[in-house]
Amino acid sequence: MIDKAKEEKALKESIENKKLTQSSVKNSFATGLTLSEEDALRAQIFGCWSVPLGLPYDENLLVKLKLELKKDGTILKSEIVDHQRMNMPGQKFYKILAESALRAVRLCQPLRVPPTGYEKWKNIQLNFDPTEMLKG
Amino acid sequence: MKFNKNLKNVLLIIFATLALSACSTAKKSQTSGDVYTGTDTVEYLASGVKDRVFFATNKSSLTSASRETLRKQATFLRKNKKLNVTIEGHADERGTREYNLALGERRANAVKDYLMTYGISGKRISVISYGKERPVNSESTPLAWSQNRRSVTVKVK
Amino acid sequence: MKKIAISFIIFLIFNSYSFALIKVDITRGNLDPLPIAVSPLHVDDKSENIKDLDVKNLGASISSIIEKNFKSTGLFNPLKKEAFVQKPDIAHLKPRFEDWRLIKAQALVTGKLSINENKLKVEFRLWDLTASKEMIALSFTTTPSNWRRVAHIISDKIYERLTGEDGYFDTRIIYVAESGPKDQRVKKLAIMDQDGSRTKYLTLGNELVLTPRFNPSNQMVTYLSYFRNLPRVYLLDIETGKQEVVGNFPGMTFAPRFSPDGKKIIMSFAKDGNSDIYTMDLETRIVERITDHSSIDTSPSYSPDGKYISFNSDRSGLQQIYVMKSDGSNVKRITFGNGIYGTPVWSPRGDLIAFTKMRKGKFYIGVMRSDGSGERLLTENFYQEAPSWSPNGRVLVFYRETKSGPDGKGFSAKLWSIDITGYNERKIQTETDASDPSWSSLLSK
């Protein structure tokens, strides 16, 4: 039973990972934000996110952060998707990255959200990937 | 006719350049294949017996000039049977410290070996390497470096 | 069959769910060092006075050492104290997060100290200002004279919490202190804290000394001394000052280093002009020959697990870097780039080798993987060499010499450090000219 649960989790993760690689290709049709809306949000967070400069550049670290937003763009709830990993041994760098992502959205709020379509962007996921930045 | 005149000019320029460069090498260059050939830093064990030989970068092989110097040193040592010598091996500052210590050692031993082939007992010769630690010319120039790549035969008192 | 069914169901659930969820990839951010406020530690009014110690200002002294450490990493930006918005003792109890956020700080260090019955008690807290919560809180009790080390240990704890890596502040550097003209340099062994403070000289300068290296417990140093004009590898006990020659070699021994377990010294021995690599077991005194080649084999360095040795050799003509098993078998050349390579040093993490490269009249410090791939040159200069790793494998210290004019005018030798990213190059302040640095491991580990 336990094994099965693990299996399911792994499957779910592998699917999610696949989705993630597609998401950059996918455009606003699926996300419910127009490209310019998405760009505005992205640009805002770029400014708030202090990338932890000490992270190893050759490890593929990625943190997924789920947010529930109020209409004015302030954060109602924030959750690291794989938050168990933060306290696992050997995952110090993941934890550091996750904390930096949390700091970024808190610094940024209220987030620059569109004036309409609240139901569409009420729940939003930000994927923080420092790989390119750290490679310099 | 015109062509000839031009050719003449060209030739003249070539000759002039050759003369100039010959002149400058005669005055300035004291190295051959980056081995120092001058005498500015050289001291003498006895009249006509130079105390040191010079090496090319990263090399410990003896040039024919070096061998001539060392044959004179051997003759001098055969005449002064009670005299012992230390051969100091040195390197220039353009290498890592540890490698230079090994290189100085190799240079000093190249000299020792050559003296031994001319009948000087190994017991009379000790070697020491100083690597890049004791330059004779402290300037950072190719000429100084060539003067520092050396083995010096020193009388033991 | 079951598997496929499950995956299909999950896919359906997941797909319908994700259709509603907006996902945005954040791949860029700001690369400025993290703004951090280090509040001076509050000094308890009832603290005892200690001779030669400015107890009243001790809190400020400790916080300024922490700030200096952070600044030197290039990863943090300690903010100016003038802008601080709360008194140290109150901030330490519970900061007014929103006020500290106003000065753009993202993290805050607070603390307090007291001295009673000749014991220094220091406690500190690290606060995440955006999350409005404490990240760590620790306290130490020690003798008051240890206050500098306390500052370094606090720095290490905070560094570890904010970067995920071990720190490197509670460490020392041993090096060769230089003075006098270039052709007659006086050289002494010197030891100092990593930040350049508390310099102590271990030899008097009567004889030439070179290339000191710590043992793993930082109690012993092995180095080359020209005592009585016989260049030999020596062993020095830092506490007692006791020195001894290593082994009984009939010629020059040099380029010494300890094995990772501290039991052996590996070095070169020059016999009849030919340098090969040897080890000597410090307990049994057994000497083993590791390489046997007519070329110069030197600058040996063990891998951290002790299974391999890297060294440089000119067996192919010019100096290149080689790796072999620790018994001397399986010698493999790992550098094939344009240029001459020397001084390989294995990183404490084991994945990288730092080296000196010489090419077209320039000297470079670089790193590469231990199979020779992935070469990265970090810094170029007229002359620099002899990299040594910080214990966390993130920073290299090395020495650099300037080009000199006639009679050695303008010559200087200084210690420098650089991150393995190639950023954050810094000169390390030393009382005199300096060369041949060797970084200790963490003292408090």
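Residues numbered from 1 in each chain as written. Chains lettered and ligands numbered in written order. Predicted model: local features only at pLDDT ≥ 70, side-chain atom pairs only at ≥ 80, totals over all residues. Heavy atoms only, no water.

Engineer: Please explain the overall build of chain A as it appears in this structure.
Structural biologist: Helix and strand counts for chain A come out as six helices and three strands. Sequence-ordered secondary structure for chain A, helices as α and strands as β, is α-α-α-β-β-α-α-β-α. Scored against the burial criterion, the 136 residues of chain A give a buried share of 43%. A separation threshold of at least 6 residues defines the contact pool for chain A, and within that pool the share at least 24 residues apart is 74%. For chain A, the exposed area adds up to about 7,400 Å²; of that, 53% sits on carbon and sulfur atoms. (Helix = DSSP H or I, 4+ residues; strand = E, 2+ residues; numbered from the N terminus. Buried < 20%, exposed > 50% of the residue type's maximum accessible area, 1.4 Å probe, protein only. Contact = heavy atoms within 4.5 Å. Areas by Shrake-Rupley, 256 points an atom, 1.4 Å probe, with all protein chains shown as cover.)

Engineer: What exactly am I supposed to notice about the state of the cysteines here?
Structural biologist: In a disulfide, the sulfur atoms of two cysteines are held together by a covalent bond. All names here are of chain A. Summed over the entire model, instances satisfying the criterion amount to one disulfide over all chains. Two residues, cysteine 48 and cysteine 108, share a disulfide whose sulfurs are 2.0 Å apart. Looking along the S-S bond of the cysteine 48-cysteine 108 disulfide, the torsion reads about 100 degrees, which is the right-handed sense. Here cysteine 48 is found in helix 3 (residues 35–48), whereas its partner cysteine 108 is found in helix 4 (residues 92–108), with 60 residues between them in sequence. For the pair shown, cysteine 48 and cysteine 108 are each scored as buried. (Disulfide = S-S within 2.5 Å.)

Engineer: Honestly, the sheet that holds strand 17 (residues 274–281) of chain C in this entry has me stumped. Any pointers?
Structural biologist: Within a beta sheet, neighbouring strands are joined by backbone hydrogen bonds and run either parallel or antiparallel to one another. Residues and elements named next belong to chain C. Strand order in the open sheet formed by four strands is 15-16-17-18, and the pairing between neighbours is antiparallel. Two strands close off the open sheet at either side, each with one partner strand: strand 15 (253–258) and strand 18 (287–289). Direction aside, the axes of adjacent strands within the sheet are offset by 25 degrees on average. Looking at chain direction, strand 17 and strand 18 are connected through three bridges and run antiparallel. (Pairing = 2+ DSSP bridges. Axes fitted to C-alpha atoms, helices over the stretch in contact; angles between N-to-C directions.)

Engineer: What should I look at first to understand the interface of chain B and chain C in this one?
Structural biologist: Accessible area lost when the parts come together is the quantity often used to give the size of an interface. If you look at the interface, chain B gives 25 residues, while chain C gives 51 residues. With both chains or domains summed, chain B and chain C bury close to 3,000 Å², and 51% of this area falls on carbon and sulfur atoms. Among the residues of chain B in contact with chain C, Arg94, Arg97 and Glu98 of chain B are the three that bury the most area, contributing 24% of the side total. Taken together, the connections running from chain B to chain C amount to six salt bridges. Between glutamate 133 of chain B and lysine 187 of chain C there is a salt bridge, with the nearest N and O atoms lying 2.8 Å from each other. The tally of links between chain B and chain C comes to 21 residue pairs in polar contact (both at pLDDT 80 or more). Of all the secondary-structure elements, those providing two or more residues to the side of chain B that touches chain C are helix 3 (97–117) and strand 7 (125–131) of chain B. The biggest single contributor to the side of chain B that touches chain C is helix 3 of chain B, with nine residues. Of the residues that constitute the side of chain B that touches chain C, the class distribution is eight nonpolar, seven polar and ten charged. (Buried area = accessible area lost by both parts, 1.4 Å probe. Salt bridge = Lys/Arg side-chain N within 4 Å of Asp/Glu carboxyl O. Polar contact = N/O pair within 3.5 Å; in protein donor to acceptor, adjacent residues only side chain to side chain. Nonpolar A, V, L, I, M, F, W, Y, C, P; charged D, E, K, R; others polar.)

Engineer: Please explain the packing of helix 2 (residues 58–73) of chain C against helix 5 (residues 147–163) of chain C as it appears in this structure.
Structural biologist: Each pair of packed helices can be described by the angle between their axes along with the distance between the axes. All names here are of chain C. Between helix 2 and helix 5, the shortest axis-to-axis distance is 9 Å and the interhelical angle comes to 45 degrees. One finds that helix 2 runs oblique with respect to helix 5. As helix 2 runs across helix 5, the sense of the crossing is right-handed. Every residue of helix 5 that contacts helix 2 at Leu58, Ser61, Ile62, Ile65, Ile66, Asn69, Phe70 and Thr73 is listed here: Trp147, Arg148, Ala151, His152, Ile154, Ser155, Ile158 and Tyr159. Classifying every residue of the contact of helix 2 with helix 5 gives ten nonpolar, five polar and one charged. (Parallel < 35°, antiparallel > 145°, perpendicular 65-115°, else oblique. Left-handed = near helix turned anticlockwise from the far one by under 90°.)

Engineer: I tried to follow the pattern of salt bridges on my own but got confused; where do I start?
Structural biologist: When the charged atoms of two side chains lie near each other, side chains of opposite charge can form a pair. The full count for this structure, using the stated rule, is 39 salt bridges over all chains. With its nearest N and O atoms 2.7 Å apart, the salt bridge here joins glutamate 98 of chain B to arginine 213 of chain C. One end of the pair, glutamate 98 of chain B, is in helix 3; the other, arginine 213 of chain C, is in strand 11 (residues 209–214), on a second chain. Glutamate 98 of chain B gets classed as buried once you look at its relative accessible area, which sits at 5%. Here lysine 271 of chain C ties to aspartate 272 of chain C by a salt bridge, and the two come within 3.6 Å at their closest N and O atoms. The exposure class of lysine 271 of chain C is partly exposed, given its relative accessible area of 45%. Residue class for aspartate 272 of chain C comes out exposed when judged on its relative accessible area of 58%. Connected through salt bridges with shared partners, the residues Arg97 and Glu133 of chain B together with Glu178, Arg185, Lys187, Lys414, Asp433 and Asp436 of chain C form a single ionic network.

Engineer: When you look at the nonpolar core in this model, what are you seeing that I'm missing?
Structural biologist: It is characteristic of soluble globular proteins that their nonpolar side chains tend to be buried jointly. Formed by 55 residues in total, the largest nonpolar core has its most connected members in Ile158 and Leu415 of chain C. Among the elements that make up this core, the one with the highest residue count is helix 5 of chain C (eight residues). Per-domain counts for this core show at least three residues from each of domain 1 (34–163) and domain 2 (172–439) of chain C. The next biggest cluster of nonpolar side chains, apart from the first, holds 37 residues, and it includes Leu55, Tyr94, Leu102 and Trp121 of chain A. (Core = buried A, V, L, I, M, F, W, Y, C linked by side-chain atoms within 4.5 Å. Domains from an automatic or database assignment.)

Engineer: How should the packing of helix 2 (residues 64–79) of chain B against helix 3 of chain B be read in this particular structure?
Structural biologist: Residue and element names in this part refer to chain B. Two elements in contact, helix 2 and helix 3, have axes separated by 9 Å at closest approach and are oriented at 55 degrees. As the angle between them shows, helix 2 and helix 3 are arranged oblique. Remark: the crossing between helix 2 and helix 3 carries right-handed chirality. In contact with Arg67, Leu70, Arg71, Gln73, Ala74 and Leu77 of helix 2, helix 3 contributes Val111, Tyr114 and Leu115.

Engineer: What am I meant to see in the packing of aromatic side chains here?
Structural biologist: One pair of aromatic rings is described through two measures. These are the centre distance and the angle between the planes. All names here are of chain C. Overall, the coordinates contain 24 aromatic pairs over all chains when judged by the stated rule. When the ring of tyrosine 159 is compared with that of phenylalanine 169, the centres are 5.6 Å apart and the planes differ by 85 degrees; the resulting orientation is edge-to-face. Linking tyrosine 159 in helix 5 with phenylalanine 169 in the loop between helix 5 and strand 8 (172–179), this pair joins segments that are ten residues apart in sequence. These aromatic residues form a ring-pair network of at least three members: Phe70, Phe76, Tyr159, Tyr168, Phe169 and Trp439. It is arginine 315 that lies over the ring of tyrosine 322; its NZ or CZ is 5.4 Å from the centre. Arginine 400 extends its terminal NZ or CZ atom over the ring of tryptophan 416, reaching a point 4.5 Å from the ring centre. (Phe/Tyr/Trp six-rings, centres within 6.5 Å; stacked < 30°, edge-to-face > 60°. Lys NZ or Arg CZ within 6 Å of the ring centre and 35° of its normal.)

Engineer: What is the right way to read the pairing of strand 3 (residues 123–128) of chain A from this model?
Structural biologist: Moving residue by residue along a regular strand, the side chains alternate between the two faces of the sheet. Burial of strand 3 of chain A is extensive: five of the six residues sit out of reach of the surface. The pairing of strand 1 (residues 63–69) of chain A with strand 3 of chain A spans six bridges and is antiparallel. Looking at the pairing, valine 63 of chain A lines up with phenylalanine 128 of chain A of strand 3 of chain A. By the bridge criterion, five bridges tie strand 3 of chain A to strand 1 (residues 22–26) of chain C in an arrangement that is parallel. In the sheet register, isoleucine 124 of chain A faces strand 1 of chain C, and the bridge partner there is isoleucine 22 of chain C.

Engineer: What's the story with unusual backbone geometry in this structure? I'm lost.
Structural biologist: The phi angle of most residues is negative, glycine excepted, and most peptide bonds adopt the trans form. At the junction of glutamine 109 of chain A and proline 110 of chain A, the peptide bond is cis and its omega measures out at 0 degrees in the coordinates. Mapped onto the fold, proline 110 of chain A is located in the loop between helix 4 and helix 5 (118–121). Here arginine 285 of chain C, not a glycine, exhibits a phi torsion of approximately 65 degrees, which is positive. Relative to the elements of secondary structure, arginine 285 of chain C occurs in the loop between strand 17 and strand 18. On the accessibility criterion, arginine 285 of chain C (39% relative accessible area) is partly exposed. In this model, asparagine 424 of chain C sits at a positive phi of 65 degrees, which is unusual for a non-glycine residue. Along the chain, asparagine 424 of chain C falls in the loop between strand 29 (413–419) and strand 30 (426–428).

Engineer: I would appreciate a short explanation of the environment of aspartate 237 of chain C in the present structure.
Structural biologist: Residue and element names in this part refer to chain C. Secondary-structure assignment places aspartate 237 in strand 13 (residues 232–237). A relative accessible area of 22% places aspartate 237 in the partly exposed class. For the pair aspartate 237 and threonine 222, spaced 15 residues apart in the sequence, the C-alpha separation amounts to 9.0 Å. The residues touching aspartate 237, leaving out its near neighbours within four places in the chain, are Gln219, Met220 and Lys242.

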